[in-house]
Amino acid sequence: MNINRQMDSVEVIAHEVLSLHEQELSLIQRANEVRKKAEEARTLLSDLITSIQESTPHALPGLFTINGLLFDITRKDGYIEIHKVSDLINHLEAIPTS
């Protein structure tokens, strides 16, 4: 391979590296935006569940489902775990019973 072809290859690869780096930065920025929105939604959810519990004590058990979603509000730190019931069923079915 002569020097001109090698330099062309270097240029092409360098442009690819820069393009991928720009994509990486864009994805990181988007992930940060989505994470912030998820945290805001989780805070709203937590506030709503707290309001329900305060207005009607024992209205919600520690674990409950709504339309295919399983909510776990038993943690002491106030974090609410949310799972799709179908995902849990699939997980449980994959666990050997013997």
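Up top is the structure these notes are about.
On a predicted model such as this, the values are computed, not experimentally measured, just so you know. Sequence order as written defines the numbering, with residues in each chain counted from 1. pLDDT decides what is reported in this predicted model: residues at 70 or higher carry local features, side-chain atom pairs at 80 or more are listed and counted, and totals for whole chains, interfaces and linings draw on all residues regardless. To get the side-chain values, take all heavy atoms of the structure and skip hydrogens and water.

Here's the deal with unusual backbone geometry
Move 1: Residues other than glycine seldom take positive phi values, yet Asn-67 does so here, at roughly 45°.
Move 2: The helix and strand labels rest on DSSP assignments: H or I over at least four residues marks a helix, E over at least two residues marks a strand, and numbering proceeds from the N terminus. Relative to the helices and strands, Asn-67 is located in the loop between strand E1 (63-66) and strand E2 (69-72).
Move 3: By relative accessible area, which is 80% here, Asn-67 ends up exposed. Exposure is judged per residue with a 1.4 Å probe applied to protein chains only, and the accessible area is read against the type maximum: over 50% gives exposed, under 20% gives buried, and values in between give partly exposed.

Describing a nonpolar patch on the surface
Move 1: The patches described consist of residues with a relative accessible area above 30% and no salt bridge, like charges being joined within 9 Å and nonpolar side chains (Val, Leu, Ile, Met, Phe, Trp, Tyr) within 5 Å. For the accessible areas, the method is Shrake-Rupley and the probe is 1.4 Å, while residue cover comes only from the protein chains on display. In what follows, salt bridge is the name for a side-chain nitrogen of Lys or Arg lying within 4 Å of a carboxyl oxygen of Asp or Glu. Taken together, Ile-3, Met-7 and Val-10 make up a surface patch of nonpolar side chains, about 300 Å² in accessible area.
Move 2: By the element assignment, Met-7 lies in helix H1 (residues 3-55).
Move 3: What makes Met-7 partly exposed here is its relative accessible area of 48%.

With respect to the pairing of E1
Move 1: In this analysis, strands are considered paired if DSSP registers two or more bridges between them. Taken together, the four bridges between E1 and E2 define a ladder with antiparallel strand orientation. Looking across to E2, one finds that Phe-64 is bridged to Phe-71.
Move 2: Between E1 and E2, which pair antiparallel and follow one another directly, the connecting turn spans two residues, one of which, Asn-67, has a positive phi of 45°.

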